Amino acid sequence: MTTPVDRPDPVYTALSEHKGLLARSSRSSQTADIVRASILDGSLRPGTRLSEPDICAALGVSRNTLREAFRSLIEERLVTHELNRGAFVRIPTPDDVAELYQCRRVIEGAAVHSFDPAGQQPTDLAAALAHADACAANQDWTGVGTADIDFHKAIAALNRSRRLDEMMSSVWNELRLVFHVMADPLTFHEPYLARNHEIYEAMVGGRTTEAEQMLADYLSDAESHIRAAYTQIVT
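Below is a summary of the structure that appears in this document. None of these values were measured; they are calculated from a predicted model.

In this section: the sheet that holds strand β1 (residues 49–50). Within the open sheet, the three strands sit side by side as β1-β3-β2. Their pairing is antiparallel. The open sheet has two free edges, formed respectively by β1 and β2 (79–82), since each of these has just one partner strand. Here β2 pairs with strand β3 (residues 86–89) via four bridges, running antiparallel. Pairing of E82 across the sheet is with G86, part of β3. In the packing of helix α4 (residues 63–75) onto the sheet, contacts are made with β1, β2 and β3, and the angle to β2 comes to roughly 115°.

Next comes the structure, spelled out in structure tokens:
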């Protein structure tokens, strides 16, 4: 009996033609990671023009590599490209704000509704609150905003769904852009820190229905606050 000789499938053989993309993709991915981090921490604020020559010089990458990185960030809704003007850090629109908060109502609301204080340990919520308190004590209100997102991200994670966590990652990133648009982080974040504590206490105290209503009111008020500010900030 003749044993078949394994031959490379032509489909797989054709893949070798694309080997050169691996190093380039890795390079563009790393570039995207660096630019993304600077956008999310507020170093590159919404509306900032992203200078290709300056970024290429700073990171030692080619324009092609940077443009591939920009394409990834555009798909993530963190960067926008304007014809004949270049790339800019995206400014979320009022409609974006409405969609982000609708997503939050659905996902966070479900997490609080099904939360079991006897069977779930909300250690990440407590850690986020402690971080927010420390930032507030140091008057670091941008840090408070980041901790606020971490707190609500921890609420969403109580759904115990990796897929939901992945889906929500873009929501949290866009929300950071929204927070960076706000002109006065102190006025915006300070009242919501106390409300996060109240939501947490209701959750761990087993007052689920109360916690759900607190969360719903919190998200409604935050959205209204942002949309009102947007009428003055975003033209």
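Attention now moves to the packing of aromatic side chains. Remark: the centre distance and the inter-plane angle together describe each pair of aromatic rings, the angle taken between the planes. Counted under the stated rule, the structure contains three aromatic pairs. Considering the side-chain rings of F188 and Y192, the 5.6 Å spacing of their centres and the 50° angle between planes classify their relative orientation as tilted. Taken together, the residues F188 and Y192, both in helix α9 (residues 185–204) and four residues apart, mark about one turn of the helix. Of the two residues examined, F188 and Y192, each falls in the buried class. Here the aromatic rings of Y192 and Y218 are separated by 5.2 Å at their centres, their planes lie at 75°, and the arrangement is edge-to-face. Pair noted here: Y192 is in helix α9 and Y218 is in helix α10 (residues 208–233), with a separation of 26 residues, a long-range link. Classification of Y192 as buried rests on a relative accessible area of 7%. By the ring-pair criterion, three or more aromatic residues cluster together here, those being F179, F188, Y192 and Y218.

Axis separation between helix α3 (residues 52–59) and α4 bottoms out at 10 Å; the angle between their running directions is 105°. When the interaxial angle is binned, α3 and α4 end up roughly perpendicular. Counting all contacts with α3, which are made through E52, P53, I55 and C56, the residues of α4 involved are R63, L66, R67 and F70. Each residue belonging to the contact of α3 with α4 can be placed in one class, and the counts come to five nonpolar, no polar and three charged.

To continue, consider α4. With 13 residues, α4 ought to run about 18 Å at 1.5 Å a step, and its terminal C-alpha atoms sit 18 Å apart, in line with that. Among the residues of α4, those classed as buried are T65, L66, E68, A69, F70 and L73. Two residues or fewer after α4 comes R77, characterised by a positive phi angle close to 65°.

This part takes up the nonpolar core. A general trend in soluble globular proteins is that nonpolar side chains are found buried together. Ranked by size, the top nonpolar core spans 38 residues in total, and within it Y101, L125, V178, F179, M203 and I226 carry the most contacts. Put simply, the parts of the chain that give this core at least two residues each are α5 (94–113), α6 (123–137), α7 (141–157), α8 (162–181), α9 and α10. When residues no more than four places from it in sequence are discounted, the contact partners of I226 are V97, Y101, V178, F179, M182 and F188. If you look at the next biggest cluster of nonpolar residues, it comprises 17 residues, including V35, L40, F70 and V79.

Reading the values: rules and limits
Residues numbered from 1 in each chain as written. Predicted model: local features only at pLDDT ≥ 70, side-chain atom pairs only at ≥ 80, totals over all residues. Heavy atoms only, no water. Pairing = 2+ DSSP bridges. Helix = DSSP H or I, 4+ residues; strand = E, 2+ residues; numbered from the N terminus. Contact = heavy atoms within 4.5 Å. Axes fitted to C-alpha atoms, helices over the stretch in contact; angles between N-to-C directions. Phe/Tyr/Trp six-rings, centres within 6.5 Å; stacked < 30°, edge-to-face > 60°. Buried < 20%, exposed > 50% of the residue type's maximum accessible area, 1.4 Å probe, protein only. Parallel < 35°, antiparallel > 145°, perpendicular 65-115°, else oblique. Nonpolar A, V, L, I, M, F, W, Y, C, P; charged D, E, K, R; others polar. Expected span 1.5 Å × (residues − 1). Core = buried A, V, L, I, M, F, W, Y, C linked by side-chain atoms within 4.5 Å.

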